[in-house]
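Fold and contact review
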Amino acid sequence: MNFDPDKRKLLSALCHGATFINYTGLSIAIPIGILLTTDDPVVKANAREALNFHFNMWIIFAIGGVTTFILIGFLIIGLAALASFILPIIAILAVLKDEDKSYKYPFIFHFL
């Protein structure tokens, strides 16, 4: 089955780009909605990866929030904030460069 490469790029980039509206429920709703409505296996893989990235960032921010009374908590939150900005940009550029391949975030746990 052939999939439209432009649609694949757009939907994959939307999955990863949803991170930038992270402080609303829409940030996780976008990749979930795309995961449930598309038949494209590459887009589904990118949606699952984006969801895994969201879950990992939530866990890291929670750990950092719990430990903010210790200096290491500020470091964890700072690094997580930096990662939540830079890694999705890298993911978007990667899926726009090669629409036939799903991007895998480094150093995260994969729940889905």
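Look a little higher up for the structure.
Residues numbered from 1 in each chain as written. Predicted model: local features only at pLDDT ≥ 70, side-chain atom pairs only at ≥ 80, totals over all residues. Heavy atoms only, no water.

Take the overall build of the protein next. Along its length, the protein carries four helices and zero strands. Counting from the amino terminus, the protein carries its helices and strands in the arrangement α-α-α-α. For the protein, the spread of C-alpha atoms along the principal axes amounts to about 55 × 25 × 20 Å. Counting all 112 residues of the protein, 40% fall into the buried class. Within the protein, contacts between residues separated by at least 24 positions form 64% of all contacts whose residues are at least 6 apart in sequence. Element-wise, carbon and sulfur atoms account for 73% of the exposed surface of the protein, whose accessible area totals about 6,600 Å². Looking at charge distribution, the protein has the averaged site of its 8 positive side-chain charges lying 5 Å from that of its 8 negative ones. (Helix = DSSP H or I, 4+ residues; strand = E, 2+ residues; numbered from the N terminus. Buried < 20%, exposed > 50% of the residue type's maximum accessible area, 1.4 Å probe, protein only. Contact = heavy atoms within 4.5 Å. Areas by Shrake-Rupley, 256 points an atom, 1.4 Å probe, with all protein chains shown as cover. Lys, Arg positive; Asp, Glu negative; His and termini not counted. Charge placed at Lys NZ, Arg CZ, Asp CG, Glu CD.)

So, about the pattern of salt bridges. Inspection of the entire model under this criterion finds four salt bridges. Note that Lys9 is salt-bridged to Glu99, the shortest N-O span being 3.8 Å. With Lys9 in helix 1 (residues 5-17) and Glu99 in the segment after helix 4 (71-97), this residue pair connects regions lying 90 residues apart in the sequence. Where salt bridges share partners, they join Arg8, Asp40 and Asp100 into one cluster. (Salt bridge = Lys/Arg side-chain N within 4 Å of Asp/Glu carboxyl O.)

With 26 residues, helix 3 (residues 41-66) ought to run about 38 Å at 1.5 Å a step, and its terminal C-alpha atoms sit 38 Å apart, in line with that. Between a side-chain oxygen at the N-terminus of helix 3 and the backbone nitrogen of Val42 the separation is 2.9 Å; the capping residue is Asp40. (Expected span 1.5 Å × (residues − 1). Polar contact = N/O pair within 3.5 Å; in protein donor to acceptor, adjacent residues only side chain to side chain.)

The next point concerns the packing of helix 1 against helix 2 (residues 26-37). Their axes nearest at 8 Å, the elements helix 1 and helix 2 cross at an angle of 145°. The element helix 1 and its partner helix 2 pack so that their crossing is left-handed. Together, Leu11, Leu14 and Cys15 of helix 1 and Ile30, Pro31 and Ile34 of helix 2 make up the contact between the two elements. A breakdown of the residues in the contact of helix 1 with helix 2 according to their chemical character gives six nonpolar, no polar and no charged. (Axes fitted to C-alpha atoms, helices over the stretch in contact; angles between N-to-C directions. Left-handed = near helix turned anticlockwise from the far one by under 90°. Nonpolar A, V, L, I, M, F, W, Y, C, P; charged D, E, K, R; others polar.)

Helix length check: helix 4, at 27 residues, gives a terminal C-alpha distance of 39 Å against a target of 39 Å (1.5 Å per residue), a fit within 8%. Within helix 4, the full set of buried residues consists of Gly73, Ala80, Ser84, Leu87, Pro88, Ala91, Ile92 and Val95. Residues of helix 4 that are buried in the fold lie against helix 1 and helix 3.

Without other data, these values stay purely geometric and don't point to any function.
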